[in-house]
Amino acid sequence: MAGKLLDAHGRKASYMRVSVTDRCNLLCRYCASKERVFIPHDRILRYEEILRCMGIARELGIEKVRFTGGEPFVRKGFMDFVEEAGRRFPDLTLAATTNATIIGKHIDRLATSGLSRVNISLDTLDRDRYRHMTGRDLFQVVRDNIDACVDAGMTVKVNAVGVRGFNDDELPAFLELARTRPVDVRFIEFMPIGQDTGWSEGSVWTASDIIREASELEKLVPVAERHRGPATMYALAAGKGRLGVISPYSNHFCGSCNRLRLTSEGDLRTCLFSDRVFHLRKILRHPRLKDEHVVRVVRTALKSKPIGHDLLAAKRERGVCSTKMAAIGG
Ligand code: SAM
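Residues numbered from 1 in each chain as written. Predicted model: local features only at pLDDT ≥ 70, side-chain atom pairs only at ≥ 80, totals over all residues. Heavy atoms only, no water.

Description of the site of the ligand
Okay, so step 1: Neighbouring residues of the ligand: 17 residues in total, closest Tyr 30, Gly 70, Glu 71, Ser 121 and Met 191.
Okay, so step 2: In this structure, an oxygen atom belonging to the ligand sits 2.9 Å away from a side-chain N or O atom of Tyr 30.
Okay, so step 3: A distance of 2.9 Å separates a nitrogen atom of the ligand from a polar backbone atom of Met 191.
Okay, so step 4: The protein chains hide 94% of the 550 Å² of surface that the ligand would expose on its own.
Okay, so step 5: For the shell around the ligand, the per-class residue count stands at six nonpolar, nine polar and two charged. (Near = heavy atom within 4 Å. Polar contact = N/O pair within 3.5 Å; in protein donor to acceptor, adjacent residues only side chain to side chain. Areas by Shrake-Rupley, 256 points an atom, 1.4 Å probe, with all protein chains shown as cover. Nonpolar A, V, L, I, M, F, W, Y, C, P; charged D, E, K, R; others polar.)

The following block contains the structure:
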């Protein structure tokens, strides 16, 4: 199995996002189609199959795994699974992306499970807007759970999709959150993924506009990251947390992309903007096929990992893509 995962452009895959379910308890307008068709349960990877993939990925050089969805916490047994992953793979950095609506009762367990980093999606700090955007009146629950995660000693990032005409007047409130709580608040550019999400060129609140507008309100000091991820971060004077922007739309980071994605039905994706998938579920379930067969598919997938710019450009023209974010996991 030896040999790390290098793609044809010399990029090393070290980070895998795993969607554990396509189901979600929210219906965010920019993310989910109103017509919800869920993947049947028997096509969703079992936890044991995900753990097997994680073990193989780790052997190939994956260092960090992020659980996402759908909403990972809606899947039955997710906390037991996280604890098992923490026990089996103490050397992997484990993280989760969640809407934090139903994690309240799990926070103490999470904090000791080996998964101590959570990205919490919260696109507005206004209760009515939250209800309008997600279809649920759960703003205060999420806000309280952010504090509870911080108090439990977890590393918390708050991710907000920046949408013109929706939350582009909320910089003062988000800056206040980053100033007063030790959380990184990061705006993600609205991406043309999924159908009937309301995406248009004009709805993208670009990273450069966000930073320019925030600089008018607050002195922002660029932070040189030791391990640079996709976010460009800024410190705030006397801020406990920081402000950041992630610009997959206006300033793609394809050249340094280190990601692989495993979807909830066991498809491997090498690029968020590509609809090409490599099927692993059948191999995982085949009684005579072994880990080496999985490895072969992973390596083949990696070899064809694109530089996503051109694909993004095509999607920009059409404004949609057939895949739903909830199935890929963001
Ligand atoms: N349920 C979890 C959550 O709410 O974070 C995880 C799944 S969600 C699909 C993962 C991330 O994708 C969230 O931060 C969400 O805001 C982001 N996302 C969904 N659709 C998006 C879009 N069209 N553009 C940018 N980000 C999007």
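Having put the structure on the table, let's press on.
A short note on the pattern of salt bridges
Okay, so step 1: Summed over the entire model, instances satisfying the criterion amount to 31 salt bridges.
Okay, so step 2: Among the ionic pairs, Arg 164 bridges to Asp 168, the shortest N-O distance being 3.2 Å.
Okay, so step 3: A salt bridge links Arg 164 to Asp 209; its shortest N-O distance comes to 2.9 Å. With Arg 164 in the loop between strand E5 (155-162) and helix H6 (171-180) and Asp 209 in helix H7 (residues 207-215), this residue pair connects regions lying 45 residues apart in the sequence.
Okay, so step 4: Judged by its relative accessible area of 26%, Arg 164 falls in the partly exposed class.
Okay, so step 5: By relative accessible area, which is 22% here, Asp 209 ends up partly exposed.
Okay, so step 6: Through salt bridges with shared partners, a single network forms among Arg 164, Asp 168, Asp 209, Arg 212, Glu 213 and Glu 216. (Salt bridge = Lys/Arg side-chain N within 4 Å of Asp/Glu carboxyl O. Helix = DSSP H or I, 4+ residues; strand = E, 2+ residues; numbered from the N terminus. Buried < 20%, exposed > 50% of the residue type's maximum accessible area, 1.4 Å probe, protein only.)

Focus on the nonpolar core
Okay, so step 1: By size, the foremost hydrophobic cluster in this structure holds 98 residues, and its most contacted members are Met 54, Phe 67, Phe 81 and Phe 187.
Okay, so step 2: The element that contributes the greatest number of residues to this core is helix H1 (residues 47-59), accounting for seven residues. (Core = buried A, V, L, I, M, F, W, Y, C linked by side-chain atoms within 4.5 Å.)

A closer look at the side chain of Arg 281
Okay, so step 1: Structurally, Arg 281 is set in helix H8 (residues 281-285).
Okay, so step 2: Here Arg 281 sits buried without a salt bridge, and the closest side chain of opposite charge, Glu 265, lies 4.0 Å off (N-O distance).
Okay, so step 3: Among the polar contacts made by the side chain of Arg 281, one reaches the main-chain carbonyl oxygen of Arg 43 at a distance of 3.2 Å.
Okay, so step 4: From its side chain, Arg 281 meets the backbone oxygen of Glu 265 in a polar contact 2.9 Å long.
Okay, so step 5: When near neighbours in sequence (up to four residues on either side) are disregarded, Arg 281 contacts Asp 42, Arg 43, Leu 45, Glu 265 and Gly 266. (Lys, Arg positive; Asp, Glu negative; His and termini not counted. Contact = heavy atoms within 4.5 Å.)

The values reported here are purely geometric and, on their own, carry no functional implication.
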